[in-house]
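Tertiary structure, described
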Amino acid sequence: MLVLVLLVSPAAAQTGYVEVRSSSTALVDDVYVASTRIQFQLSARIEEALASGLALRVQLDYTIERRRRFLPDSDVAEVRVVNLLRYNKVSERYTIRNENTGTQTSFATIFAALNTLGRVDQLPLVDAALLAEDGRYRARVRAKVEIADYPASLRYLLFWRDDWQMSSSWFSWSLDQ
């Protein structure tokens, strides 16, 4: 039994995962805002790529859908948040650049950087005026991690490999009005 545990645990540690742990919305000044918690466990290959100077693209996709009884659900709003995570060998620091706002922050450890990426607070999703008062709505979020900028010669080789990217499943909840 001990041998089986020792054989399985290194494989599990090397695969990595992304999981949306929780997400909710609140109405703030007539705008629905989201608060989300995500857990990142980078695979060994992605950590090696980050340490060698390649950037990671961390993307959050939010959708608001109107739920209809006899017709297919329709998308009301979509929000995409894109962050680039880099490691600087000279300063030995990790930086996160938000591609939506242009802001950049620096961290001493990968744990601190991933913890910050996994905490989204008060992200504006949709104006309440765009939603019908009698409608039923569902919000969903998904997180993706992938290598952002590898050389063009590697793109063709790495296209078939799925250990250079990770994605969570969709996390959905009812949008309370």
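Residues numbered from 1 in each chain as written. Predicted model: local features only at pLDDT ≥ 70, side-chain atom pairs only at ≥ 80, totals over all residues. Heavy atoms only, no water.

**Quick word on the sheet that holds strand β7 (residues 119-127)**
Here is the rule we go by: Strand pairing is assigned whenever DSSP identifies at least 2 bridges connecting the two strands. Note on conventions: DSSP H or I runs of at least 4 residues are helices, E runs of at least 2 residues are strands, and numbering of each starts at the N terminus. Angular values range over 0 to 180 degrees, each being the angle between N-to-C directions of two axes fitted as lines to C-alpha atoms, with helices fitted over their stretch in contact. Contacts: residue pairs with any heavy atoms within 4.5 Å of one another.
Pairing is antiparallel in the open sheet, where 3 strands are placed in the order β1-β2-β7. This sheet does not close on itself; its edge strands, each paired only once, are β1 (17-28) and β7. Here the average twist between neighbouring strands, direction ignored, is 25°. Where β1 and strand β2 (residues 31-41) come together, 11 bridges link them in antiparallel fashion. Bridge pairing in β2 places Ser24 opposite Ser35. Helix α3 (residues 110-117) rests against β2 and β7 of the sheet, and its axis sits at about 25° to β7.

**Notes on the side chain of Gln59**
Our working definition: Side-chain atoms alone can form a polar contact between residues adjacent in sequence; in general such a contact is a pair of N or O atoms within 3.5 Å, and within protein one must be able to donate a hydrogen while the other accepts it.
Along the chain, Gln59 falls in strand β3 (residues 56-67). At a separation of 2.7 Å, a polar atom in the side chain of Gln59 contacts the side chain of Arg57. For Gln59, the residues in contact, after removing those within four places along its chain, are Arg80, Val81, Val82, Arg142, Ala143 and Lys144.

**Here's the deal with the packing of aromatic side chains**
The geometry of two aromatic rings is summed up by the distance between their centres and the angle between their planes. How we decide: Pairing of aromatic rings covers Phe, Tyr and Trp, the last counted by its six-membered ring, and requires centre-to-centre distances within 6.5 Å; plane angles under 30 degrees mean stacked, over 60 mean edge-to-face, and any other angle means tilted. Between buried and exposed lies partly exposed: a residue is buried under 20% and exposed over 50% of the maximum accessible area for its type, with that area taken using a 1.4 Å probe on protein chains only.
Scanning the model with the defined rule gives 2 aromatic pairs in all. Between Tyr87 and Tyr94, the aromatic rings sit 4.6 Å apart at their centres with planes inclined by 45°, giving tilted as the arrangement. Overall, the relative accessible area of 21% leaves Tyr87 in the partly exposed class. For Tyr94, a relative accessible area of 16% translates into the label buried. Plain terms: the ring middles of Phe171 and Trp173 are 6.0 Å apart, the flat faces sit at 45° to each other, and that makes the pair tilted.

**Here we look at unusual backbone geometry**
Note: most residues except glycine have negative phi, and most peptide bonds are trans. A positive phi angle, close to 65°, is found at Asp30, a residue other than glycine. The topology assignment puts Asp30 in the loop between β1 and β2. Judged by relative accessible area, which is 52%, Asp30 ranks as exposed. In the Ramachandran plot, Glu92 falls in the positive-phi region, its phi being about 55° despite a non-glycine side chain. By relative accessible area, which is 54% here, Glu92 ends up exposed.

**Brief notes about helix α2 (residues 44-51)**
Under the convention used in this document: Working note: the arc is built from the helix axis to C-beta atom directions.
Turning to α2, its buried residues number three or more, namely Ile46, Ala49 and Leu50. Projection of α2 onto a plane perpendicular to its axis shows the buried side chains occupying an angular sector of 100°, all on one side. Buried residues in α2 make contact with β3, β4 (74-88), β5 (93-98), α3, β8 (136-147) and β9 (165-167). Backbone geometry just after α2 places Gly53 at a positive phi near 110°.

**A look at the confidence of the model for the protein chain**
The condition that has to hold: Scored from 0 to 100, pLDDT reflects the predictor's confidence in each residue.
Confidence in the prediction of the protein chain, expressed as mean pLDDT, is 84, and 82% of residues score 70 or more. Taken together, the stretch residues 1-13 has pLDDT below 50 and engages in 1 contact with residues farther than four places along the chain or on a different chain.

**Brief notes about the side chain of Ser168**
Positionally, Ser168 belongs in the loop between β9 and β10 (171-175). The buried category is assigned to Ser168, whose relative accessible area is 6%. Not counting residues up to four positions away in its chain, the partners in contact with Ser168 are Val18, Glu19, Val20, Arg142 and Ala143.

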